[in-house]
Amino acid sequence: MADHENVRATLTFAVPAERVFAVLADPATHAAIDGTGWVREPVDPAPLTRAGQLFRMDMFHGSRPVGDYQVVNRVEVFDAPRAIGWVTGHRKADGELEFGGWLWRYDLIPLGASGTEVTLSYDWSAVPQHIRDRGIAFPPFGPGHLENSLRHLADLAAPAAQRS
């Protein structure tokens, strides 16, 4: 589902919300959730525990002049086990952090003791004009990316005996 500056997808998991949230709060799982090949390893592997927390990830994108790069994420939403989200940015040459204005957010609705409805949204409504002027396309991924990410998350969150 999409509107002008936000895309989202929803999937129901046969896993409790607490387990899904724990996977999302672990930066070491983010590469496996993403599935584009852009997200690589966490530089800061500590679990996410609060809004305002920063965590860095190594990334790769073949269309960039230098394929390998690093992002800094700032947790904007932390409401265990119901919602978690972060904005992505980078450290500028002068050492200051600059965030691009796009938000990755997961909303979890517990469905009893063993189910969760998970909505993943990517919102770029806060992207400043100077970034939009660079000609960056939003969203920067294909239409199936959010659904694929949710399927990867469901697989990671499933008990080992249920994984495909």
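Because the structure is a prediction, the values reported are computed rather than measured.

What about the confidence of the model for the protein?
When pLDDT drops low, the exact placement of atoms in the prediction is not to be read closely. Confidence in the prediction of the protein, expressed as mean pLDDT, is 89, and 92% of residues score 70 or more. Confidence, expressed as mean pLDDT per element, reaches its minimum in the protein at strand β1 (residues 2-3) with 56 and its maximum at helix α1 (residues 17-24) with 97.

Examining the packing of α1 against helix α4 (residues 145-157)
Orientation of α1 relative to α4, taken along the N-to-C sense of each, is 110 degrees, at an axis distance of 9 Å. Comparing their axes, α4 and α1 come out roughly perpendicular. Regarding α1 and α4, the two cross each other, and that crossing is right-handed. Each of Arg-19, Val-20, Val-23 and Leu-24 in α1 lies in contact with α4, whose residues at this interface are Leu-153, Leu-156 and Ala-157. The residue inventory of the contact of α1 with α4, partitioned by class, reads 6 nonpolar, no polar and 1 charged.

Some remarks on the nonpolar core
It is characteristic of soluble globular proteins that their nonpolar side chains tend to be buried jointly. Judged by nonpolar contacts, the single largest core of 37 residues is most densely connected at Val-20, Tyr-106 and Leu-153. Looking at this core, the elements with two or more residues in it are β2 (6-13), α1, β4 (54-60), β5 (68-79), β6 (83-91), β7 (97-110), β8 (116-123) and α4. Ignoring sequence-local partners within four residues, the contact set of Val-20 consists of Phe-13, Val-15, Leu-108, Thr-116, Val-118, Leu-153 and Ala-157.

Details of the packing of aromatic side chains
In this description, a pair of aromatic rings is defined by centroid distance and the angle of the planes. Across all of its chains, the model carries 9 aromatic pairs by this definition. With a centroid separation of 6.0 Å and an interplanar angle of 40 degrees, the aromatic rings of Trp-86 and Tyr-106 are classed as tilted. Here Tyr-106 lies in strand β7 and Trp-86 lies in strand β6, a separation of 20 residues in the sequence. Per residue, the accessibility class of Trp-86 equals that of Tyr-106, and both read buried. Through successive ring pairs, a cluster of aromatic residues spans Trp-102, Trp-104, Tyr-122, Trp-124, Phe-138 and Phe-141. The aromatic ring of Phe-99 is capped on one face by Arg-74, whose charged end is 4.2 Å from the ring centroid.

What counts, and where the lines are drawn
Residues numbered from 1 in each chain as written. Predicted model: local features only at pLDDT ≥ 70, side-chain atom pairs only at ≥ 80, totals over all residues. Heavy atoms only, no water. pLDDT = per-residue confidence, 0-100. Helix = DSSP H or I, 4+ residues; strand = E, 2+ residues; numbered from the N terminus. Axes fitted to C-alpha atoms, helices over the stretch in contact; angles between N-to-C directions. Parallel < 35°, antiparallel > 145°, perpendicular 65-115°, else oblique. Left-handed = near helix turned anticlockwise from the far one by under 90°. Contact = heavy atoms within 4.5 Å. Nonpolar A, V, L, I, M, F, W, Y, C, P; charged D, E, K, R; others polar. Core = buried A, V, L, I, M, F, W, Y, C linked by side-chain atoms within 4.5 Å. Buried < 20%, exposed > 50% of the residue type's maximum accessible area, 1.4 Å probe, protein only. Phe/Tyr/Trp six-rings, centres within 6.5 Å; stacked < 30°, edge-to-face > 60°. Lys NZ or Arg CZ within 6 Å of the ring centre and 35° of its normal.

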